[in-house]
Amino acid sequence: MSEENKYKYKVLSLFTGCGGLDIGTLGGFEFLGKKYKRLPTEIVFANDIDIDAVNSYNANSKIFKNGAKSILGDIRDIPTNNMPDFDIMTAGFPCQPFSNAGNRKGVHDDNGRGTLFEVCERVLKEKIENGHKPKAFIFENVRGILSSKMPDGTTVPEEIENRMEKLGYTVSQQLICASDYGVPQKRYRVLIIGIDNNIKDTPFDFNLADEVIKEQKINSVKNGTGDKLVLGEILKDIDEPGEYWEYSKTTQDMVEKIGICEHGREAINYFKENIPLAEMPKIVFEGRSWKNVPPEKLTPRFLKIYNEPKKYHAPKFFRRFAYGEINGTITASAQPENCGITHPVENRRFSVREIKRIQSFPDNFNLDSIPLQSRYKVIGNAVPPIMAWVFMNSLIKTLEE
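Residues numbered from 1 in each chain as written. Predicted model: local features only at pLDDT ≥ 70, side-chain atom pairs only at ≥ 80, totals over all residues. Heavy atoms only, no water.

*Asks:* Quick question: what am I supposed to make of the sheet that holds strand β5 (residues 70-72) here?
*Replies:* Note on sheets: strands pair through backbone hydrogen bonds, and any given pair is parallel or antiparallel. Across the sheet, seven strands lie side by side as β5-β4-β1-β6-β7-β10-β8; this open sheet has mixed pairing. For this open sheet the edge positions go to β5 and β8 (169-177), each flanked by a neighbour on one side alone. Averaged over neighbouring strand pairs, the angle between their axes works out to 15° when direction is ignored. Of the pairings in the sheet, the one linking strand β7 (residues 136-142) to strand β10 (residues 188-196) comprises seven bridges and is antiparallel in character. Paired with A136 across the strands is I195, a residue of β10. (Pairing = 2+ DSSP bridges. Helix = DSSP H or I, 4+ residues; strand = E, 2+ residues; numbered from the N terminus. Axes fitted to C-alpha atoms, helices over the stretch in contact; angles between N-to-C directions.)

*Asks:* Please explain unusual backbone geometry as it appears in this structure.
*Replies:* With the exception of glycine, most residues fall at negative phi, and the peptide bonds are largely trans. A positive phi angle, near 55°, is found at A334, a position not held by glycine. Inspection of the secondary structure assignment puts A334 in the loop between β11 (327-328) and α12 (352-358). Classification of A334 as buried rests on a relative accessible area of 0%. (Buried < 20%, exposed > 50% of the residue type's maximum accessible area, 1.4 Å probe, protein only.)

*Asks:* Mind showing me how you'd approach the environment of T154 here?
*Replies:* Assignment of secondary structure puts T154 in the loop between β7 and α5 (156-166). Separated by 122 residues in sequence, T154 and L32 have C-alpha atoms that sit 43 Å apart. Ignoring anything within four residues of it in the chain, the contact list for T154 reads S148, K149 and E159. (Contact = heavy atoms within 4.5 Å.)

*Asks:* Is there a simple way to think about the pattern of salt bridges in this case?
*Replies:* Charged atoms that come close allow side chains of opposite charge to pair. Using the criterion set out here, one finds 25 salt bridges in the structure. With a closest N to O distance of 3.0 Å, D52 and K377 form a salt bridge. Linking D52 in helix α3 (residues 51-58) with K377 in helix α13 (residues 372-381), this pair joins segments that are 325 residues apart in sequence. Note on D52: relative accessible area 13%, which makes it buried. The residue E262 makes a salt bridge to R288 at a minimum N-O spacing of 3.2 Å. Of this pair, E262 sits in the loop between α8 (249-258) and α9 (268-272) while R288 is found in the loop between α9 and α10 (300-307), placing the two residues 26 residues apart along the sequence. Since its relative accessible area comes to 56%, E262 is described here as exposed. The exposure class of R288 is buried, given its relative accessible area of 12%. (Salt bridge = Lys/Arg side-chain N within 4 Å of Asp/Glu carboxyl O.)

*Asks:* How should the side chain of S394 be read in this particular structure?
*Replies:* Relative to the elements of secondary structure, S394 occurs in helix α14 (residues 385-399). In contact with S394, not counting residues within four places along its chain, are F204, L208, A209 and V212.

*Asks:* How should I be thinking about the packing of aromatic side chains in this particular structure?
*Replies:* The relative placement of two aromatic rings is captured by the distance of their centres and the angle of their planes. Counted according to the given criterion, the structure contains 17 aromatic pairs. On the numbers, 5.5 Å between centres and 65° between planes, the contact of F137 with Y169 is edge-to-face. Here F137 is found in strand β7, whereas its partner Y169 is found in strand β8, with 32 residues between them in sequence. There is no split in this pair, since F137 and Y169 are both buried. Among the aromatic residues, those joined into a cluster by ring pairs are F15, F93, F117, F137, F139 and Y169. In this arrangement the basic side chain of R319 is found over the ring face of F321, its NZ or CZ atom lying 4.2 Å from the centre. Above the ring of W245, the side-chain terminus of R349 is found at 3.7 Å from the ring centroid. (Phe/Tyr/Trp six-rings, centres within 6.5 Å; stacked < 30°, edge-to-face > 60°. Lys NZ or Arg CZ within 6 Å of the ring centre and 35° of its normal.)

*Asks:* Mind showing me how you'd approach the pairing of strand β6 (residues 88-91) here?
*Replies:* Remember that side chains alternate between the two faces of the sheet whenever the strand is regular. Alternating residues of β6 divide into I88 and T90 and M89 and A91, and every residue in both groups is buried. Note that strand β1 (residues 9-14) and β6 share four bridges and pair parallel. Bridged to S13 within β6 is T90. Bridge count between β6 and β7: four bridges; the pairing is parallel. Across the sheet, residue A91 finds its bridge partner in β7, namely F139.

*Asks:* What is the right way to read the packing of helix α4 (residues 117-129) against α5 from this model?
*Replies:* Each pair of packed helices can be summarised by the angle the axes make with each other and by the distance between the axes. Orientation of α4 relative to α5, taken along the N-to-C sense of each, is 5°, at an axis distance of 11 Å. As summarised for this structure, α4 and α5 are arranged roughly parallel, according to the angle between their axes. Every residue of α5 that contacts α4 at F117, E118, E121 and L124 is listed here: V156, E159, I160, R163 and M164. (Parallel < 35°, antiparallel > 145°, perpendicular 65-115°, else oblique.)

*Asks:* Please clarify how the nonpolar core should be interpreted in this entry.
*Replies:* Considering soluble globular proteins, one finds that nonpolar side chains tend to be buried as a cluster. Among the nonpolar cores identified, the biggest contains 88 residues, and I341, F365, V390, F391 and L395 are the most heavily contacted of them. For this core, the leading source of residues is α14, giving 10 residues. Excluding its chain neighbours within four sequence positions, the residues that come into contact with I341 are Y247, R319, I330, A334, Q335, P336, R348, R349, F350, I355 and Y376. The next biggest cluster of nonpolar side chains, apart from the first, holds 30 residues, and it includes I75, M83, M89 and V156. (Core = buried A, V, L, I, M, F, W, Y, C linked by side-chain atoms within 4.5 Å.)

*Asks:* Is there a simple way to explain α13 in this structure?
*Replies:* One full turn of an α-helix is made of 3.6 residues, so residues set three or four places apart face in the same direction. Within α13, the full set of buried residues consists of S374, R375, Y376, V378, I379 and G380. Looking at the packing, one finds that the buried side of α13 touches α3 and α12.

This is the structure in structure tokens:
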């Protein structure tokens, strides 16, 4: 096979971050002993405005061996004619304006981040006007985008779909959970996938991704092998966790009040000895949160929530997942109030090595070029590589029908 045909799909990567979506787009990586084959793709352009994300991306040339270096800069300032022609666009445009944990300003965000999907529209439109129509695109965002609205009341996903259809694409969108697609994390995200309607006049079929996880025997909640995605399974071989970002004194005090999961440190041996989940004691599946702290030991803020649970919907702040659970979403802030970032039996944050596992990054992904706190930020912001691989694989199958 010629080099040209071997990597026949040229990919433009916008809002690239540290490259989780690009790792999946390219393939050719390994996670927990399973190899994810190289896909017929190459990254011809990558960009991000975050210097830590760009530096971490460019420090991993062995992983992005057939890809471009990421360019630092505001994509709104980069002319389309400075970007090479491409076949597929990938874009995980910033999620903060749409996030459930954010201020939910959506497209009305003061700094304009909420309309960054318009950059994607601009690039596609100008490439088409110059005689080159890309074959497809994959957009990724948080589920908060589903209820974010344009000034006229149209939801943002509907607006994106309408605009992309005017450019000649059939579009489909779906809310998915990463643990259904090989990722050891209950991370909900919206995928919007479009295909040139000259290639396919019906929308992308999300059921193809289900076929891929079955064909490739990928561990998944959806195909009944979610027991391989629980924390005990993915952490059992990590005896030396490596560096971790220490909590502030106030946070550390709260974590210690909550206490470690009752299954204790020895529960990891169930996983090391490959005992089936069904044969493990119930306690292995029981996590903890601030609700495990006796009321008399709560701070005034938490006591107020404790006393009025219906008013505050009794949120599970400081969630601590047990070895027998699939971890919740890892966020860029890596704060225990926002995500399950606390280790089951150690009174600390997960280490960088551990959050890479939870996000399905290969162990050899190098983050040494950026500060410790930034490593949590770029990994938390990333698209999980295995999820990205499943959907890029599915999209390529569609294009090659």
